Number of protein chains: 2
Amino acid sequence: MHNKLTIQDIARLAGVSKATVSRVLNHNPSVNGLLRERVQRVIKEHNFIPSVIAVGLADGHTRLIGVLAPPLTWPSVPEIMQGVAEYIEQTHYEMVLYSIGLERNHSDVLDNILRLKIVSGLLAIFPGELMSHLTYRFEQGFPLVTIDDQAEPTSLPWVGVDNHTSAYQATRYLLDLGHTRIAHLMGPQHYYCAIERYQGYAHALRDAGIILDPALVFQGTFVPDSGRQCAIQLFSREKSDWPTALFVANDQMAYGVLDVAEQLGIQIPEEITVVGFDDNNFSALTRPSLTTIRQPFSQMGRQALETLVTMIDQHHHTGKEALNHPEAEETQKSMHSEQEDTSPRIQIPTHLVVRTSSGVPRTLSIGL
Amino acid sequence: MHNKLTIQDIARLAGVSKATVSRVLNHNPSVNGLLRERVQRVIKEHNFIPSVIAVGLADGHTRLIGVLAPPLTWPSVPEIMQGVAEYIEQTHYEMVLYSIGLERNHSDVLDNILRLKIVSGLLAIFPGELMSHLTYRFEQGFPLVTIDDQAEPTSLPWVGVDNHTSAYQATRYLLDLGHTRIAHLMGPQHYYCAIERYQGYAHALRDAGIILDPALVFQGTFVPDSGRQCAIQLFSREKSDWPTALFVANDQMAYGVLDVAEQLGIQIPEEITVVGFDDNNFSALTRPSLTTIRQPFSQMGRQALETLVTMIDQHHHTGKEALNHPEAEETQKSMHSEQEDTSPRIQIPTHLVVRTSSGVPRTLSIGL
DNA sequence: TTGTATGCGTTATCAT
DNA sequence: ATGATAACGCATACAA
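Position numbers for residues count from 1 along each chain, tracking the sequence in the order it is written. The naming scheme follows written order: chains are lettered A onward, ligands numbered 1 onward. It should be noted that, the model being predicted, local features are given only for residues of pLDDT at least 70 and side-chain atom pairs only at 80 or more, the latter also being counted only at that level, while totals for whole chains, interfaces and linings use all residues. Note: side-chain values were computed over all heavy atoms of the structure, leaving out hydrogens and water.

Salt-bridge detection follows one rule: a side-chain nitrogen of Lys or Arg within 4 Å of a carboxyl oxygen of Asp or Glu. Summed over all chains, the structure comprises 30 salt bridges over all chains. Ionic pairing is found between Arg287(A) and Asp259(B), a salt bridge with its closest N-O pair at 2.5 Å. Taken together, the residues Arg287(A) in the loop between β9 (273-278) and β10 (291-294) and Asp259(B) in helix α11 (residues 251-263) connect one chain to another. Think of it in three bands: with a 1.4 Å probe and only protein chains considered, a residue is buried below 20% of the maximum accessible area for its type, exposed above 50%, and partly exposed in between. For Arg287(A), a relative accessible area of 39% gives the class partly exposed. Residue Asp259(B) is classed as buried on the basis of its relative accessible area, which comes to 10%. For the purposes of this entry, the term helix denotes a DSSP run of H or I that reaches at least four residues, the term strand denotes a run of E that reaches at least two, and both are numbered from the N terminus.

Next up, the structure:
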């Protein structure tokens, strides 16, 4: 076992100093071509990789990136993490996963992570009430990116989707199908994405010249059970009062709707069309399979991490610059404004996935 | 920002030396009571936490544990990870997640992880063909634990379930229900768990005095599509040749069976009972919901990590012992054998979850 | 271009 | 019991 191979050993083996090996390792151009090759040969031959720990200590730049995530059994989270993992695989960073349960004080968890100084940046996935805390840390200079659907936009770098437009498109799809009485099951009011999706829905109706009927807007909580309650309430009405389509603000609630419909013997999409939002794993397997807006979770994870890595590298460089040339204010300013310009809000396109839970309204299909 | 707070600062603030602060930090008993309290006060006041990086460098014991996992979108993996996360939260370790895609050479990934010397132990989840490599590393002295259902037992510490007994119980349940013609859809032959489950099935039949009918044993590959193919083949037979129950070796294949049954208009459980294995997330939501053997994935993750942490701590201590008292062979020997005694194969109990895909055989229900 | 010396934050080995 | 001081493995400013 060559377990204890250090840069010193390589130096000895190559007949040079540690410094030279270090330079070769870090692609420092000031190394003679032949010497460089010789050192690299020794490095390859012995499969030498510098200790990440030691490197971190020496240059104050750990190659570790923290990922703060809700329980991995939550919907969508594994898909996001997969994107994160895929991206990180092609970098020289490693991922430190902080999957937080519901019990502990999230604020303390965050403080600990930061005080341990073990990660040089953090991706926060669905951080919930931690947002303000995160924003504060970011403004203090800590590299931070978030994937969130709850908080209103802040100065924090953010990756997500355009909920308004996506909901608009879903509603537009229903209108194009011929539906005119389109109901909406909203998410909770304290979710910004719920507001946006509602507004996209309302917007599409308005553009179609249809007056939004408040009796067709239901309030849910994003969990299946609230979908069930909405469905029970809706289906207990006079059938003549039913909408012909229901746009549900997320798939989880749509599952509840489908569930109740099946129990009540209500045919979907024949009697009512159902469209969801998210395209979670299960949505292709429900009966009927769910037409829904696909959120590109994996891409979101990848994009978020790419953004974060860029930030960390910048942070690292400007840090050194600031140390060496404290007079170069101009340069720093321009870089800072450049960072401002690089829109910290990245929106990734969604698209509609048409499955079997949606169809033309009954009135029309009968007419054919 | 008190970002750059070091042990040196604490020492100055408390009017002592770094060494003393370090001793307090590590609960070294040789510190005067009053002094200890004073130092501790300063530490608390400033929320000081020693740098994990520096500690790692100094004592060669990084507080990082690696977790090598297949893509998180695989079934069961998020549940295992949740258990891992829950356990690690209550330790002083952090988790470095290596989620490997399908493309790269796993062997190289492993070598890199080990050569980086960034983690002091590794949990390998479903490592596939990496097993022999892992076993080698473990025998070289690297703390390693695995959660696997594919390889035959090795000397590697392992956490899992008793597949034979579990399959026996599932089959026994069907027998108790009154079924006598019970089919089995196996997993692939190169999965050890598939063999074990088949044997448990066969064992239960034998104990019930039933002769195993080879025409009722199907070969699958653990994916939904192979469940579909089995179902198509089975349902195309003369109905009089059908079994009254089908024990499927995992839930994924059972989904395929359910799918085909629905398309063919075959009633489950009225026309045929289906029982799965795993209790994946979807299994409670299928139509009909799936009766299955529940694998305690979360507990498995927790247990595996607990085992690993114990190993790492031992490894660390005995390492120091060996260094300081190389003559104490007796002690080491006994510890070594103790490690051998501590069965490296931990089996966590499963249990049957009865849902709606199973019932009494038709012949009996008609007779009532 | 290359080597030497110092520092990173902590633990551990010496003295005292 | 406590305080200097030398590792730990690497990067880097400085000297050559």
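After that view of the structure, there is still more to cover.
Time to look at the protein's contact with DNA strand C. Taken together, 25 residues sit near DNA strand C, with Thr20(A), Arg23(A), Asn32(A), Ile7(B) and Ser22(B) positioned nearest. Put simply, 62% of the atoms of DNA strand C that lie within 4 Å of the protein are in sugar or phosphate. Pairs of N or O atoms are called polar contacts if they sit within 3.5 Å, as long as, within protein, a hydrogen donor faces a hydrogen acceptor (for residues adjacent in sequence, only side-chain-to-side-chain pairs). Between DNA strand C and Ser17(A), the relevant distance is 3.2 Å, taken from a phosphate oxygen to a side-chain nitrogen or oxygen of the residue. In the environment of DNA strand C, a base oxygen lies 3.3 Å from a nitrogen or oxygen atom belonging to the backbone of Leu57(A). Elements with a minimum of two residues in the surface near DNA strand C: α2 (18-25) and α4 (52-59) of chain A together with α2 (18-25) and α4 (52-59) of chain B. Lys, Arg, Asp and Glu make up the charged group, whereas Ala, Val, Leu, Ile, Met, Phe, Trp, Tyr, Cys and Pro make up the nonpolar group; the residues left over, Gly among them, are polar. For the surface near DNA strand C, the class distribution of residues is 13 nonpolar, 8 polar and 4 charged. We call a residue near a molecule or strand when any one of its heavy atoms sits within 4 Å of it.

This paragraph deals with the domain arrangement of chain A. All names here are of chain A. You can read the domains of chain A as domain 1 (2-59), domain 2 (64-161 + 298-324) and domain 3 (163-294 + 351-367). Here, residues are in contact when the closest pair of their heavy atoms is within 4.5 Å. Each partner contributes residues to the interface: domain 2 has 9 residues there, and domain 3 has 9 residues. Two parts lose some accessible area (1.4 Å probe) when they are put together, and adding that loss for both gives the buried area. For the pair domain 2 and domain 3, the summed buried area comes to about 850 Å², and 47% of that belongs to carbon and sulfur atoms. Counting the contacts that link domain 2 with domain 3 gives 1 salt bridge. Of the charged contacts, one joins Glu-79 and Arg-294 as a salt bridge, the two residues approaching to 4.0 Å between their closest N and O atoms. One can count 4 residue pairs in polar contact (both at pLDDT 80 or more) joining domain 2 with domain 3. Boundaries of every domain are those given by an automatic assignment or by a domain database.

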